[in-house]
Amino acid sequence: QSLFPKALPTESWFRACGSSRPSHEVGGDYFYIRPRTDGAWVSVIADVSGKGVSSALLASLLQGAFLLGSDAGLPIPQMMGRINHFLNLQTQGEKYATVLYCMLERNGRLQWSNGGHPAGLVISADGSLSELEATGLPLGMLEDSEYGAEERMLRPGDKVVLYSDGLSEAQNEEG
């Protein structure tokens, strides 16, 4: 639980909410939202392969890498590539993480890179739906993977929904 943000923005031009409930005592899913020094907001959601303490520790390493990388001023594809390389060195390709990283500027410009994570959803104010599709492989899988970035303009009232496969795979007692 200590990996998750202590507080989320609830006022002004950007508001966010989020939660996580691990299926085991410790898990490798995490999300983070924070402001950048230039006034933009960045968000990352990740799912480290496997379960338990080793996945949670790797999620902690990823969080640190993204916290440092988000203010470095690097283009998103370059940052994703560096973190991929770092993760691959740490795990020798035996563990990986699906990651969706995005940045939202005050003017509505949304940029994202999706390394094998479930597609984020954009629900427009008019009710239409679009996806933030994958732009590369999961991080840590292959040392030399390249990551693209996409962008689109959001309008007031648009919503972005990010989730891990824990949501799409959840089942009740009846399956």
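Just so you know, these numbers come straight off a predicted model, no measurement behind them.

Moving on to the overall build of the protein. Looking only at helices and strands, the protein features three helices and eight strands. Sequence-ordered secondary structure for the protein, helices as α and strands as β, is β-β-α-α-β-β-β-β-β-β-α. Residues classed as buried in the protein amount to 42% of the 175 residues present. Residue pairs in contact within the protein that sit at least 24 positions apart in sequence constitute 62% of those at least 6 positions apart. Here the protein has roughly 9,900 Å² of accessible surface; of this, 51% comes from carbon and sulfur atoms.

So, on to helix α1 (residues 53-70). Its 18 residues place the ends of α1 26 Å apart at the C-alpha level, agreeing with the 26 Å of an ideal helix rising 1.5 Å per residue. For α1, the full list of buried residues reads S55, A56, L58, A59, L62, Q63, A65, F66, G69 and S70. If you follow the buried residues of α1, they end up packed against β1 (29-35), β2 (41-48), α2 (76-91) and β3 (97-104).

Pairs can form between side chains of opposite charge whenever their charged atoms are close. Taken as a whole and assessed by the stated rule, the structure comprises three salt bridges. Residue D38 pairs with R36 through a salt bridge whose shortest N-O separation is 2.6 Å. Ionic pairing is found between R109 and E105, a salt bridge with its closest N-O pair at 3.1 Å. A single network of salt bridges, built from pairs that share partners, joins E105, R109 and E151.

With that out of the way, let us pick up the sheet that holds strand β6 (residues 129-132). Taken together, the three strands give an open sheet; going across it, the order is β6-β5-β8, and neighbouring strands pair in antiparallel fashion. On the outer flanks of this sheet lie β6 and β8 (159-161), each paired with one strand and no other. Ignoring which end each strand starts from, the neighbouring axes of this sheet average 25° apart. Pairing between strand β5 (residues 120-123) and β8: three bridges, direction antiparallel. The residue bridging L121 from the neighbouring strand is V161, located in β8.

Cut-offs applied
- Residues numbered from 1 in each chain as written.
- Predicted model: local features only at pLDDT ≥ 70, side-chain atom pairs only at ≥ 80, totals over all residues.
- Heavy atoms only, no water.
- Helix = DSSP H or I, 4+ residues; strand = E, 2+ residues; numbered from the N terminus.
- Buried < 20%, exposed > 50% of the residue type's maximum accessible area, 1.4 Å probe, protein only.
- Contact = heavy atoms within 4.5 Å.
- Areas by Shrake-Rupley, 256 points an atom, 1.4 Å probe, with all protein chains shown as cover.
- Expected span 1.5 Å × (residues − 1).
- Salt bridge = Lys/Arg side-chain N within 4 Å of Asp/Glu carboxyl O.
- Pairing = 2+ DSSP bridges.
- Axes fitted to C-alpha atoms, helices over the stretch in contact; angles between N-to-C directions.

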